[in-house]
Amino acid sequence: MKQNRSFPLRQLLLVLLIATVPMAAHIAPSEAKRSHSKKASKSYKHPKRHHGRHPKGGHITPAPPPPPGQGSDQPSDLPNVFDLLSYGAKGDVRGSGGTDRTSEKQALVAAWKAACSVQLATLRIPPELKFLVKPVTLHGPCASDIVLQIDGTLLAPRRIGSWPKSSRYQWLNFKWVNNFTIRGTGTVDGQGSNWWTWSLSDQMYSINQQRKMKHVPDMKPTCHLKFDSSDGVMVTNVTISSPDSSPNTDGIHLQNTRDAEIEHSNIGCGDDCVSIQTGCSNVHVHHINCGPGHGISLGGLGKDKSMACVSNVTVENLSLQSTMYGLRIKTWQGGAGSVRNVSFSNVRVSEVKVPIAIDQYYCDKGHCKNQSEAVAVSGVKFDSVVGTYASQPVYLACSHDVPCTDVDMVGVQLTPASNSGGLREALCYNSYGKSTGPLLPSSMDGCLRSQSDFLRRIARSHDRGCW
C-alpha cells in the first residue's frame, strides 16, 4: 500500500537517478526564499506517524491520510489543479513508461508554468500511469505556495544518451521557489542500474574492457535527493532504495542549507544515507532506518584547502543495519573552518563495520599528501550508541596539529558481531574530552584525553572563519 507523502522546501535538486523513491506525509509548508527574502520559520507541527521497518520491496507502513481536499483523490477539475495529462502528456500503463519522447518533459514544463502563475496551485501527476521525463529544470518565483502532487510514476531515461552533458548530475531540478511542497502516493524512479554498472566498471574492469565502453561519460549521477542553498527543509516518511553495489549514491545530501529536518524515513543506498556538507546548520535527523549504506556522515569537509563550516547538528533515534559506518565526521587534510556542536544519541547499530568515527585524514584515493592545517572538530557527543560492530568499534583519528576537543562519550556499548572475528580495541589519536560509563569496549575509557584551555583556543582559532 502506498502513502501520501510530502516535503516542503526552498530549493531542491532532485537527483533521483538511482532508485525507486516514493515521496513523504503532508506537513505544513516551510518558508522558502531567495537570499534576499526574510528568514524561514523554524517551528513545525508534526502529525503522529506509524513507524515501519526498513522495506524489502519499497513499502512502509502507511502514513495518516492528508487533510480534506489534499489527498490523492483530488479531482483535476478543481480550481488551480493542473493535471499533467491536460498539457499533452501521454503516460503509459506499461512498465517502461513509453519511449524516450520529449512530450512528457514539454508537458511538465507547460503545466509547471501554468501552476506557477496562479495562487495556491497544485500540479498533479495522475495515478496508474508512468511518465518518462528527460532531465528538466523547473523554477520560480511563483505567484504563491505551490504543490507538486505525485500520484503516478515519474521515470528517468534508461539510455545514457538521453542525458544532456549539462544535466548528468541532476534529473528533476527545482529552484527559486517559496513554500514548495512535494507530496503524493506515487513513485519517482531514476532507473539507475545502467549508471551503477558503468560506475563499477571504472573500478573493476581491465583497461581493455574499459576501452570498449567509450560511450560511457565521465560525469555520472550520484545523489537521490539533494538540497542546496535551502532554508526550512522538511523531509518526512520517505523511502529511498538502491543496492549497496550502487556507487556514490547518497540518500539525502545537504549543503549550504539551514533549519532542516529529516525524519521517519527508510534509506538504503550505496553511500551515505544522509550526507551533511559545508554551510549546513541547525540540522535535525531522527527516526531513520539506514541500511545498506555508509551511515550518517558530516563531510568530507575541507577538500582542496577549502573553508568548511558545519554547526548545530542533532542526530538521534536511529537504526543502522549492516552499514559501512554508523556515525561519522570526515575531513580532508589542509582544510579550514570547523565542525561544532554535534550530537549523536539513542542509536542502535547491528553488524556495522565502524559504528563511531572521526577521520581527519579522509582520502578517497590511494595516497593524499600530509598537511598540517585541518578543519577543527569540537563539541561532539556520542550518547547511548549500542549494538554490534563488524570491524572496529571506535575510530577517532584527529589531526596532529588541530586535535579534536570537547568530545564526549556517554553510555556507548559496542560488542563484536558474530562474524567479526572477536573483540577489537578502540583506536584513538589526539582526541580530547571525557567519557562516562559504563563503556564497551573498556578501551574507550582511555580514548579521550583530558584537555586544557590551550587546546580549546586552538579549536576556536580555526572557528573564526565560520561564525
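Residues numbered from 1 in each chain as written. Predicted model: local features only at pLDDT ≥ 70, side-chain atom pairs only at ≥ 80, totals over all residues. Heavy atoms only, no water.

- Looking at an unreviewed UniProt entry, one finds the chain named Polygalacturonase, with Trapa incisa as its source organism.
- Word for word, the UniProt comment on the chain under Sequence similarities (unreviewed entry) is "Belongs to the glycosyl hydrolase 28 family." (UniProt positions renumbered as here; feature names shortened; annotations may be inferred.)

### Focus: the overall build of the chain
- The number of helices and strands found in the chain is 4 helices and 30 strands.
- The buried share among the 467 residues of the chain stands at 57%.
- The long-range share in the chain, meaning contacts at least 24 apart out of those at least 6 apart in sequence, stands at 80%.
- By element, 49% of the accessible surface of the chain is carried by carbon and sulfur atoms, the whole surface being about 19400 Å². (Helix = DSSP H or I, 4+ residues; strand = E, 2+ residues; numbered from the N terminus. Buried < 20%, exposed > 50% of the residue type's maximum accessible area, 1.4 Å probe, protein only. Contact = heavy atoms within 4.5 Å. Areas by Shrake-Rupley, 256 points an atom, 1.4 Å probe, with all protein chains shown as cover.)

### Here's the deal with the state of the cysteines
- This structure, assessed with the given rule, holds 6 disulfides.
- Paired by a disulfide, Cys116 and Cys142 hold their sulfur atoms 2.0 Å apart. With the S-S dihedral at roughly -105°, the linkage between Cys116 and Cys142 falls on the left-handed side. Of this pair, Cys116 sits in helix H1 (residues 103–116) while Cys142 sits in the loop between strand S7 (136–139) and strand S8 (146–150), and the two are 26 residues apart along the sequence. Judged on exposure class, the residue Cys116 and its partner Cys142 are both buried.
- Two residues, Cys428 and Cys447, share a disulfide whose sulfurs are 1.4 Å apart. Taking the sign of the S-S torsion, -75° for the link of Cys428 and Cys447, the bridge is left-handed. Residue Cys428 is found in strand S29 (residues 427–429), and its partner Cys447 is found in the loop between strand S30 (431–436) and helix H4 (453–463); the two are separated by 19 residues along the sequence.
- Taking relative accessible area as the criterion, Cys447 reaches 5% and is therefore assigned buried.
- Not engaged in a disulfide, the cysteine Cys223 finds its nearest cysteine sulfur in Cys269; these two sulfurs lie 9.7 Å apart.
- Looking at Cys223, the relative accessible area reads 8%, which means it is buried. (Disulfide = S-S within 2.5 Å.)

### Points about H1
- For H1, which comprises 14 residues, the first-to-last C-alpha distance of 20 Å matches the rise-based estimate of 20 Å (1.5 Å per residue) to within 8%.
- Within H1 the residues assigned to the buried category are Ser103, Glu104, Ala107, Leu108, Ala111, Trp112, Ala114, Ala115 and Cys116. (Expected span 1.5 Å × (residues − 1).)

### Some points on the packing of aromatic side chains
- With the rule as written, the count across this model stands at 7 aromatic pairs.
- Taking 5.6 Å as the distance between ring centres and 80° as the angle between the ring planes, the aromatic pair formed by Trp112 and Phe180 counts as edge-to-face. Taken together, the residues span a long stretch of sequence, with Trp112 in helix H1 and Phe180 in strand S11 (residues 180–184) at a distance of 68 residues.
- Where Phe174 meets Phe180, the ring centres are 5.1 Å apart and the plane angle is 45°; that geometry is what we call tilted. With respect to burial, Phe174 and Phe180 carry one shared label: buried.
- An aromatic cluster is defined as three or more aromatic residues linked by ring pairs; in this entry it consists of Trp112, Phe174 and Phe180.
- The ring of Trp176 is capped by Lys175, whose NZ or CZ atom sits 4.5 Å from the centre of that ring. (Phe/Tyr/Trp six-rings, centres within 6.5 Å; stacked < 30°, edge-to-face > 60°. Lys NZ or Arg CZ within 6 Å of the ring centre and 35° of its normal.)

### Digging into the nonpolar core
- One finds Ile276 and Phe382 to be the most contacted residues of the largest nonpolar core, which totals 58 residues.
- If you look at the next biggest cluster of nonpolar residues, it comprises 34 residues, including Trp112, Phe131, Leu138 and Val188. (Core = buried A, V, L, I, M, F, W, Y, C linked by side-chain atoms within 4.5 Å.)

### Re the environment of Ser378
- On the secondary structure map, Ser378 appears in strand S25 (residues 376–389).
- Apart from residues lying up to four places away in sequence, Ser378 is in contact with Val339, Arg340, Asn341, Thr405 and Ala459.

### Re the side chain of Asp228
- Among the structural elements, Asp228 can be located in strand S13 (residues 225–228).
- For the buried Asp228, no salt bridge exists, and the shortest N-O distance to an oppositely charged side chain is 4.6 Å, to Lys226.
- Among the polar contacts made by the side chain of Asp228, one reaches the side chain of Gln255 at a distance of 3.1 Å. (Lys, Arg positive; Asp, Glu negative; His and termini not counted. Salt bridge = Lys/Arg side-chain N within 4 Å of Asp/Glu carboxyl O. Polar contact = N/O pair within 3.5 Å; in protein donor to acceptor, adjacent residues only side chain to side chain.)

### Considerations on the confidence of the model for the chain
- On average, residues of the chain score 80 in pLDDT, and 76% of them are at 70 or above.
- Here residues 1–74 is a poorly scored stretch, pLDDT under 50, and it has 277 contacts once near neighbours within four places are set aside; other chains count.
- Scored below 50 in pLDDT, residues 203–214 shows 8 contacts in the model against residues more than four places distant or in partner chains. (pLDDT = per-residue confidence, 0-100.)

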